[in-house]
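# A structural walkthrough
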Amino acid sequence: MLDFRRIEMSDFPALRKMYEKYGNWSCDCTICGTYMWRDYLDIRISLEEEKLIVYQQLDGKHLFYIPLMEDRIAGIREIVAYMKEQGEECYFYPVANEELPLFEEAGYRIETERDEGWNDYVYDITALANMKGKKYHNHKNHINKFNALYENVELLDIRDVEPAEYLQFLDDYVKSEHKKATIAKEENIKAKEVLSDLEAYGVVGYVLKVDGKIVGLEVGEILGDYYYSHIEKADKTYNGVYSKLVQLVSQDLQEKVKYMNREEDLNEPGLRRSKRGYKPIGYIEKNQVKILD
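Remember, predicted model here, so these are calculated numbers, not experimental data. (Residues numbered from 1 in each chain as written. Predicted model: local features only at pLDDT ≥ 70, side-chain atom pairs only at ≥ 80, totals over all residues. Heavy atoms only, no water.)

### Concerning the packing of aromatic side chains
To keep things clear, this is the line we draw: We call Phe, Tyr and Trp rings a pair once their centres come within 6.5 Å, taking the six-membered ring for Trp, and we label the pair stacked below 30 degrees between planes, edge-to-face above 60, and tilted otherwise. Secondary structure elements follow DSSP: runs of H or I of four or more residues count as helices, runs of E of two or more count as strands, with numbering from the N terminus. The cut-offs for exposure are 20% and 50% of the maximum accessible area for each residue type, with area from a 1.4 Å probe on protein chains only; residues under the lower value are buried, those over the upper are exposed, and the others partly exposed. Remark: a charge is flagged as sitting over a ring if the NZ atom of Lys or the CZ atom of Arg is within 6 Å of the ring centre and within 35 degrees of the ring normal.
For the structure on display, the rule yields 18 aromatic pairs. Between phenylalanine 92 and phenylalanine 103, the ring centres sit 5.0 Å apart and the planes meet at 65°, which makes this aromatic pair edge-to-face. With phenylalanine 92 in strand S6 (residues 91–96) and phenylalanine 103 in helix H4 (residues 101–105), this residue pair connects regions lying eleven residues apart in the sequence. The exposure class of phenylalanine 103 is buried, given its relative accessible area of 0%. Here the aromatic residues Phe4, Tyr55, Phe64, Tyr82, Phe92 and Phe103 are joined through ring pairs into a cluster of three or more. If you follow arginine 262 out to its NZ or CZ, it ends over the ring of tyrosine 278, 4.9 Å from the centre.

### Topic: the nonpolar core
Operational definition: For our purposes a nonpolar core is just a set of buried Ala, Val, Leu, Ile, Met, Phe, Trp, Tyr and Cys residues, chained together by side-chain atoms within 4.5 Å. Throughout, a residue-residue contact means that at least one pair of heavy atoms, one from each residue, lies within 4.5 Å.
In this structure, Tyr19, Tyr166 and Leu195 are the most contacted members of the largest nonpolar core, which totals 43 residues. Sorting the residues of this core by element identifies helix H1 (12–22), helix H2 (31–35), strand S3 (51–58), helix H7 (163–177), helix H8 (182–195), helix H9 (198–201), strand S11 (213–223) and strand S12 (226–234) as the ones contributing at least two each. When residues in this core are grouped by element, the largest group, five residues, is from H1. Beyond its immediate sequence surroundings of up to four residues, tyrosine 166 is in contact with Ile158, Val161, Leu195, Leu198, Val207, Ile214 and Leu217. Counting 26 residues, the second-largest nonpolar core is a separate cluster that includes Tyr123, Tyr136, Phe146 and Tyr238.

### Things to note about the packing of H7 against H8
The test is simple: Whenever a helix is involved, its axis is fitted only over the stretch in contact; in every case the axis is a line through C-alpha atoms, and angles between N-to-C directions fall within 0 to 180 degrees. Put simply, angles under 35 degrees are roughly parallel, angles over 145 are roughly antiparallel, angles from 65 to 115 are roughly perpendicular, and the rest are oblique. Classification used: nonpolar for Ala, Val, Leu, Ile, Met, Phe, Trp, Tyr, Cys and Pro, charged for Asp, Glu, Lys and Arg, polar for all others including Gly.
At a minimum axis separation of 10 Å, H7 and H8 run at an interaxial angle of 175°. Classified by the angle their axes make, H7 and H8 are roughly antiparallel. Across the interface between the two elements, Tyr166, Leu167, Leu170, Asp171, Val174 and Glu177 of H7 pack against Asn188, Ala191, Lys192 and Leu195 of H8. Taken together, the residues that form the contact of H7 with H8 break down as six nonpolar, one polar and three charged.

### Some points on the environment of arginine 159
What counts here: Counted as a polar contact is a pair of N or O atoms within 3.5 Å, where, for protein atoms, one must be capable of donating a hydrogen and the other of accepting one, and residues adjacent in sequence contribute only when both atoms are in side chains.
Turning to its location among the elements, arginine 159 is positioned in the loop between strand S9 (153–157) and H7. The sequence separation of arginine 159 and valine 207 amounts to 48 residues, and the corresponding C-alpha distance is 9.1 Å. Residues in contact with arginine 159, not counting those within four places in the same chain, are Leu198, Glu199, Val203, Val204 and Gly205. In this structure the side chain of arginine 159 is engaged in a polar contact, spanning 2.9 Å, whose partner is the backbone oxygen of valine 203.

### Quick notes on the sheet that holds S9
Defined as follows: Should DSSP find at least two bridges between two strands, the strands are taken to pair.
Sheet architecture is open: seven strands sit in the order S9-S10-S11-S12-S13-S8-S14, paired in mixed fashion. Each of the sheet's edge strands pairs with one partner strand only, and the pair in question is S9 and strand S14 (282–284). In this sheet, neighbouring strand axes are inclined to one another by 30° on average, regardless of whether the strands run parallel or antiparallel. Sheet analysis places S11 next to S12, joined by eight bridges and oriented antiparallel. Bridge pairing links leucine 217 to lysine 233 in S12.

### Side note on the pattern of salt bridges
Here is the rule: The term salt bridge refers to a side-chain nitrogen of Lys or Arg lying within 4 Å of a carboxyl oxygen of Asp or Glu.
This structure, assessed with the given rule, holds 27 salt bridges. Residue aspartate 42 pairs with arginine 44 through a salt bridge whose shortest N-O separation is 3.0 Å. The class of arginine 44 is partly exposed, set by a relative accessible area of 24%. Its salt-bridge partner being lysine 190, residue glutamate 186 comes within 2.7 Å of it at the nearest N-O pair. A residue pair is termed a helical-turn pair when its members lie 3 or 4 positions apart in one helix, as glutamate 186 and lysine 190 do in helix H8 at four residues. Here lysine 190 falls in the buried class, since its relative accessible area comes to 4%. Each of Arg6, Asp39, Asp42, Arg44, Glu186 and Lys190 takes part in salt bridges that share partners, so that together they form one network.

Rendered as structure tokens:
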């Protein structure tokens, strides 16, 4: 029996357990990936022992995650039956390529849609830490410029910095950004929410300072061999600050994880150039699946 409700922070331990055990390693299958977008996508869950069903709503569709449970085929059939009872078409998203055969095994014909803007970018964490070779030439130039211009540079664990200090940095960043898109505004609102309760979210966080002033901020979470970069903000008046931030964070993380997931670009040209510039080793391609019969 599927009984959907909104996510609560008390669900985090159970969600983390299920994502690590059954997730497809996309940024959607993370605590922040779910909870930060709970309002924008009206995300709902049905949670039982060893069974998690999640859906989001977008463009008038209920988009179900692949069931997070041992018998995923049984879970798919239960969702399809549930949507049939509701008299609505049944969709699944995000479905990784390796999950697509599950629908045939469950006995369904499907229609798939894939958009390059949905792909998660995956990087080798050691490569980002070292940035060796010609392919990182531009980033090395940015880092060298940063090193030449600024002294007294330090990367700190966010928990060693006063919350008022990094929250003020985020506020100043948002004011300087002037982004009007609803999704950008929602991201900034939820970023402040995460930064205001780091322990509840169980995140990893870093602050980059120059001469005691915050110039960069990075917050994400670790699941398995992956670090997920959920919040990355920097003061672009400091030349090369983003390249420097990515390298220092990666250097700290390389003994803890193998990969960094820097999420999708949503077909935004500037984001795409930036993410491709860090030379991903692959992508988590995400499909939308419609059940035909």
